[in-house]
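# Observations on the three-dimensional arrangement
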Amino acid sequence: MFSPSEVLGDDGPFREHIDGFAPRIQQQQMADAVARAIACQGRLICEAGTGVGKTFAYLVPALMSGRKTIVSTGTKNLQDQLFSKDVPLVRNALGSGAKTALLKGRANYLCPQRLELAEEQLESVSLRPSLNMIRNWSRRTRRGDVAEITDLPEDSPLWPLVTSTADNCLGTECPKIEDCFVLQARRDAQAADLVVINHHLLFAD
Ligand code: SF4
C-alpha cells in the first residue's frame, strides 16, 4: 500500500491519473506530515508557497486515513472550487469510495416554504420575473444551493425572501420539511467522510 508521499510521487497513481501532474518534494513532505498528525491526533500548522500543491497535500492523507474530515476554506468560492474540482480529482486518482459533502450556512439554501410564501405575497412587479426564475430552478436543483443561480446578484432583495434564518424557519412544524435543502445538506454532511465547509460556518456553529 502506498504512503501519501508515494501516492504523490514519481511512481504513484497521481502521475498516471491527473493530466500535467508533476511530483514535488515539498508536497510529499507536507502530505506525510499531515498523515502523521492525523494518525497521532496531533496538531499541525503548515505554510507552503504558491505552487507546492497544498490542496492535494492535505486531501490525499485525509481521504486515505478513513477518518471523518472537515476541510474549511476562507471563502465560498474556494469552497465550491474545492468541492467540485479538487476533491473529485483526488478521489478518482485514489480510487476512493469516500463519501463527500458540501455544507454552507442556511442562508445559502433555498427554503421551499418561504419561496411559496414569497410567490403568494410578493407585491413588486419588477421582481416577479426573477422570482419565476427561482421557481423554475427550484424544480431542477438537487442541492438548492443559491450559488447555482448566477444570473441574480448576491444582494438581490429576493434572496432573504426565499432563504431562511434560524428565527423564521418553522423547523419540525414546517409543511415542506421533506423538501428542505438545509436539512438535506446537514444530513449529507453527517453521513460523509469528508465535509467541505467555510470558516464563516465553522466559527458560527
Ligand atoms: S424547515 Fe425551515 S428551512 Fe426547511 S423548508 Fe421549512 S422553513 Fe424552510
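Numbering of residues starts from 1 in every chain and runs along the sequence as written. A pLDDT threshold of at least 70 governs which residues receive local features in this predicted model, and a stricter bar of 80 or more applies before side-chain atom pairs are shown or counted, although totals over entire chains, interfaces and linings include all residues. Side-chain measures were taken over the full set of non-hydrogen atoms in the model, leaving aside hydrogen atoms and water.

### What about the site of the ligand?
This is how the line gets drawn: Only a single heavy atom is needed: when it lies within 4 Å of a molecule or strand, its residue is near that molecule or strand. Each residue gets one label: Ala, Val, Leu, Ile, Met, Phe, Trp, Tyr, Cys and Pro are nonpolar, Asp, Glu, Lys and Arg are charged, and the others, such as Gly, are polar.
Residues in contact with the ligand, as listed here, are Arg 106, Cys 111, Pro 112, Gln 113, Ser 164, Cys 169, Leu 170, Gly 171, Cys 174 and Cys 180. Considered class by class, the residues forming the shell around the ligand number six nonpolar, three polar and one charged.

### Observations regarding the pattern of salt bridges
This is how it is decided: For this document, the term salt bridge refers to a Lys or Arg side-chain nitrogen within 4 Å of an Asp or Glu carboxyl oxygen. With a 1.4 Å probe rolled over the protein chains alone, any residue whose accessible area is under 20% of its type maximum counts as buried; one over 50% counts as exposed, and the rest are partly exposed. Under the DSSP-based scheme used, a helix requires at least four consecutive residues in state H or I and a strand at least two consecutive residues in state E, with every element numbered from the N terminus.
Considering all chains together, one arrives at six salt bridges under this definition. Taking the shortest distance from any N to any O, the salt bridge between Arg 15 and Asp 10 comes out at 3.2 Å. For Asp 10, a relative accessible area of 52% puts it in the exposed group. Between Asp 80 and Lys 104 there is a salt bridge, with the nearest N and O atoms lying 2.8 Å from each other. Here Asp 80 is found in helix α5 (residues 76-94), whereas its partner Lys 104 is found in the loop between β2 (100-102) and α6 (112-121), with 24 residues between them in sequence. For Lys 104, a relative accessible area of 4% translates into the label buried. Several salt bridges converge on common partners, so that one network encompasses Asp 80, Lys 104, Arg 143 and Asp 145.

### Overview of the domain arrangement of the protein
Note the following rule: Here the bounds of each domain stem from an automatic or database domain assignment. It only takes one pair of heavy atoms within 4.5 Å for two residues to be counted as in contact. What gets called buried area is simply the loss in accessible area from a 1.4 Å probe that two parts show on being joined, summed for both.
On domain assignment, one finds that the protein holds domain 1 (1-67) and domain 2 (69-205). Look at where the C-alpha atoms of domain 1 and domain 2 centre, and you get two points 30 Å apart. Between domain 1 and domain 2, the contact holds 15 residues from the first and 14 residues from the second. Summed over both sides, the interface between domain 1 and domain 2 buries roughly 1,200 Å², with carbon and sulfur atoms accounting for 82% of that surface. Inspection of the region where domain 1 meets domain 2 yields zero salt bridges.

### Overview of the side chain of Ser 96
Here is the rule: Here a polar contact means two N or O atoms within 3.5 Å. Within protein one must be a hydrogen donor candidate and the other an acceptor candidate, and residues neighboring in sequence count only if both atoms are side-chain atoms.
Residue position: Ser 96 is located in the loop between α5 and β2. At 3.0 Å, the side chain of Ser 96 forms a polar contact with the backbone nitrogen of Ala 98. Apart from residues lying up to four places away in sequence, Ser 96 is in contact with Leu 63 and Arg 91.

### A few points about the packing of helix α4 (residues 54-65) against α5
Put simply, the rule is: The axes are straight lines fitted to the C-alpha atoms, using for helices just the contacting stretch, and the angles between their N-to-C directions are given from 0 to 180°. For classification purposes, an angle smaller than 35 degrees is called roughly parallel, one larger than 145 roughly antiparallel, one from 65 to 115 roughly perpendicular, and anything else oblique. Two helices crossing with the near one rotated counterclockwise from the far one by less than a right angle form a left-handed crossing, whereas a clockwise rotation gives a right-handed crossing.
Across the interface, α4 lies against α5 with an axial gap of 10 Å and an inter-helix angle of 55 degrees. Comparing their axes, α5 and α4 come out oblique. Our pair here, α4 against α5, has a crossing hand that is right-handed. Residue-level contacts link Thr 55, Phe 56, Tyr 58, Leu 59, Val 60, Leu 63 and Met 64 of α4 to Leu 82, Asp 86, Val 87, Leu 89, Val 90, Arg 91 and Leu 94 of α5. Its residues assigned to classes, the contact of α4 with α5 comprises 11 nonpolar, one polar and two charged.

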